[in-house]
Each structure stands twice: as C-alpha cells, then as structure tokens.
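Architecture and fold: a report
Chain by chain, the residues:
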Amino acid sequence: MKIEERIEISKKFKNFRFIFITDAPGSVTSFMKCELPTKVLNYYDIKAAILDKKYLNQYIDQAQDNDVLILSKVHPWLDSSTIKKLELVKSKVNKIFCEASEEGSFDCFLSKFDLHKENLLLFNSNIVDGFLYETKQLKDLMVSKLDHKNSFLYTRHLHSNCHHALNPYSSINHNFEIKNKFDQISALSTQCFKEYDNITSIGYIGHPKYCHNYLALNIANYELSHKVGITLKFVSSNPGPLHNIPVTNEVDFAFSLIEKNNHSEVYYNYKTSNKVNALWSLGIPGLFSPLPSYTQVFQENDVDFEEWSIPQEYSHFDCHIRNSQSLGREIANKVFKIISDKDFHEKRRILFNVSLRYNPMNIFWLYQEMFESLH
C-alpha cells in the first residue's frame, strides 16, 4: 500500500477513537497488539489510546459513541464481573472487537472450553462485534464452538523492526528533513536490512517450547560449519522487546522447527506468523515448519515455501537421537545449497522487501477487514 494511499485512507477514520485494552501492560503481546497500533494511528492523526483493564470502571463514564474498542486476548474478559462491565460499555460505544490470535485465547476454545463455555457464549453474543484472527484454522475453531453467528475479521501480524518512534528499543531513524505528512509517514516506515557477506552464525530466536528439536539444529550447525570451513556460532534466545532486534541481528540464518503433535496442538494451527515477519524484516532468511500462518505469508506474497521449508524427507530410525542426526544433516545440506547460490543475497533482499508490507505503518492493510467493517 503506497504512502499516499495510506494517508488518504486514514482520513476515513479520524472521527473514531480507538481504545486498545490490555490486561498485561508491558508484555510482548501488549506491545505488539496495543502499543504499536496505538502509536501508528496517532501518527496518522487518528485518536487512539491504550487502557489497562484495571481502569475499565473509570472508562465506563468516559466512553463515547465513536469509540472502537479492541480487547487484547480472549480469556481476560470472561469472568462474570468483567462481562458485566463490558455490557455497560457496549451500549455506549461504536464497536467492540476481540483479538483472538494468542495462545491463551486459543485454549479458551480447546482444553479450557468447558471451563469458559457459559461466559464465552455470553461474551460472544452480548459484547463482541467481531473476533480478529490470523489463520483460517482459528476462525474454523471459533465458529465450531460459538452458537451465536458473529463477525470474524482477518488480520495480519505486524513486525517490530520499525522506527524508534514506534519501537523505543529500535535504533532505526530517518536521515532526511520532514516537511509534510508524506515525509513523516515515509520516515516512520523505514526498516534496516542486515548487511553481511558470509554467514557466521545460525540460530533459533523464540520461546523454547516452539522448537521441538534443538539437537537437530545443533547437529545442523556442526555439519554446516564443516561445509563452510569456519566454526559457526549457534544462537538460542527468547528476548523480550528490549533485546529482540539486537539479539535477532546476531543471527545470519534462522529456523522455526515445530513438529505437529499432541504437545503442539494448542498452537500449531493457530500460532501467528510473527517469526517469519520478524526475520524477513531484518533481511534474515530462515527455514520454517509448515504452520498455517507461515505458509499463508508465503502464499500471499508468491514466495516459494518449498525453497525455505524445513526438510521433510530424511532417514527415520527408531532412535530419537539418530532421527535428530538425520534431520540435522538434511537441514545443513539445504542451508548450504541456499547460501551457496550466487543469488542468495538478492533473495534475502526480496524477502526483506516483502516484509515492508508488514511494517506497522501499513496498519490499514494489516487490519484491513476491521477497518472495512467500520465504513
């Protein structure tokens, strides 16, 4: 979406006030789903603010009929006391949406559905005008559990490798004079591409439970080190907002290795695409498991998933360690083939350019269906 188009679209929403409500200020979820969108809308001269759940009582008296509420996550709003407060708010505001693309929210419709069923159905029928979701699988899950027919609005996952005015932990800044709104939005949309000639490190950045086979990745690192002729560093970290960009930038080639099994059923089909968007936004390529949200980003941008997928064909044994060795070697072979391609760095640049679509300043495309529902 071109900058002129974004600015023009923003004019349609200047009569609204967007309130992002969170139960966990300072958390990564709150930062990504509340803080960043709020700042972006403010820079488009649209009124937006973050509200801590504990101040919901005070907000009831200040609610306006042009307010659009976005509730971060599902489960924090399902206790009877909170539902009563939201019922009071409902009659005073324009719309109430609920962001459901988060693991605790998925589980409201899975193992904890019976626990929440009564209040969840009440929440769905009396309060929410639409659920925001990222994967078709999550939408299908919610549709199967909810009696009341509701709106389900597709959203895309923004990334945080953005201007420091949006992400205070980022070093990205503009280097030209801002004369008008176009210049401002252009400056705020900048990203920083990681420059390097040869890879010196590979790794996994993220929550440990979302990587089912660290041994395979370490074996891949060992094998790849022999292939490239240098000792590659293996980085593993789960950084918060403060360290996310600098720690991720330590990696030249990354992985998302998630096996679909009983352990991962609570998130495999519903997990967001943040891993793909975050890596590409820095110019860091990776190999990915075929999670629906990941493959969706590839399809949406005409990028060949097979080229960047975790190898599915490798020797299987009865021994888990031998399986890890076999998978690790295939990963190393695939990475070596990719980085040996004369067009490797050009392909990195292509992925980086794709990630510009998921820059927070492109919010009217990222949250397209939600904004369209307000017309």
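Residues numbered from 1 in each chain as written. Predicted model: local features only at pLDDT ≥ 70, side-chain atom pairs only at ≥ 80, totals over all residues. Heavy atoms only, no water.

Structural notes on the overall build of the protein
The secondary structure content of the protein amounts to 16 helices and ten strands. Taking 21 Å as the expected radius of gyration for a compact globule of 375 residues, we find that the protein reaches 22 Å, a close match to that expectation. In terms of principal-axis extent, the alpha carbons of the protein reach across some 65 × 55 × 30 Å. Across the 375 residues in the protein, those meeting the buried criterion constitute 55%. In the protein, the proportion of contacts linking residues at least 24 apart, taken out of those at least 6 apart, comes to 74%. For the protein, the accessible surface area stands at approximately 16,800 Å², while carbon and sulfur atoms represent 48% of it. Averaging the locations of the 42 positively and 44 negatively charged side chains of the protein gives two centres separated by 2 Å. (Helix = DSSP H or I, 4+ residues; strand = E, 2+ residues; numbered from the N terminus. Rg over C-alpha atoms; globule rule 2.2 N^0.38 Å. Buried < 20%, exposed > 50% of the residue type's maximum accessible area, 1.4 Å probe, protein only. Contact = heavy atoms within 4.5 Å. Areas by Shrake-Rupley, 256 points an atom, 1.4 Å probe, with all protein chains shown as cover. Lys, Arg positive; Asp, Glu negative; His and termini not counted. Charge placed at Lys NZ, Arg CZ, Asp CG, Glu CD.)

Considerations on unusual backbone geometry
Positive phi, close to 75 degrees, is recorded for Lys 73, a residue that is not glycine. Among the structural elements, Lys 73 can be located in the loop between β3 (67–72) and α4 (80–90). Looking at Lys 73, the relative accessible area reads 10%, which means it is buried. The phi dihedral of Asp 302 falls on the positive side, at around 55 degrees, and the residue is not glycine. Position of Asp 302 relative to the elements: it lies in the loop between α12 (292–300) and α13 (320–340).

Re the packing of helix α1 (residues 3–10) against helix α8 (residues 181–188)
The contact between α1 and α8 brings their axes to 10 Å, and the two run at 110 degrees. In this view, α1 runs roughly perpendicular relative to α8, as classed from their interaxial angle. Crossing hand, α1 versus α8: right-handed. Taking contact as the criterion, the partners of Ile 3, Glu 4, Arg 6 and Ile 7 in α1 are, on α8, Lys 181, Phe 182, Ile 185 and Ser 186. (Axes fitted to C-alpha atoms, helices over the stretch in contact; angles between N-to-C directions. Parallel < 35°, antiparallel > 145°, perpendicular 65-115°, else oblique. Left-handed = near helix turned anticlockwise from the far one by under 90°.)

Some thoughts on the sheet that holds β3
Read from one edge of the open sheet, six strands run β2-β1-β3-β4-β5-β6, paired in parallel fashion. A strand with exactly one partner marks an edge of an open sheet, and here the two such strands are β2 (47–52) and β6 (151–154). Averaged over neighbouring strand pairs, the angle between their axes works out to 25 degrees when direction is ignored. Direction of pairing for β3 relative to strand β4 (residues 95–99): parallel, over a ladder of five bridges. Its bridge partner lying in β4, Leu 71 is registered against Cys 98. (Pairing = 2+ DSSP bridges.)

A look at the pairing of strand β1 (residues 17–22)
With six of six residues buried, β1 lies mostly within the body of the structure. The two faces of β1 match: Arg 17, Ile 19 and Ile 21 on one face and Phe 18, Phe 20 and Thr 22 on the other face are all buried. Taken together, the six bridges between β1 and β2 define a ladder with parallel strand orientation. Paired with Phe 18 across the strands is Ala 48, a residue of β2. With helix α2 (residues 28–43) bridging β1 and the parallel β2, this β-α-β connection has right-handed handedness. Note: β1 against β3, five bridges, orientation parallel. Residue pairing across strands places Ile 19 opposite Leu 69, the latter belonging to β3. (Right-handed = clockwise from strand over helix to strand, strands pointing away.)

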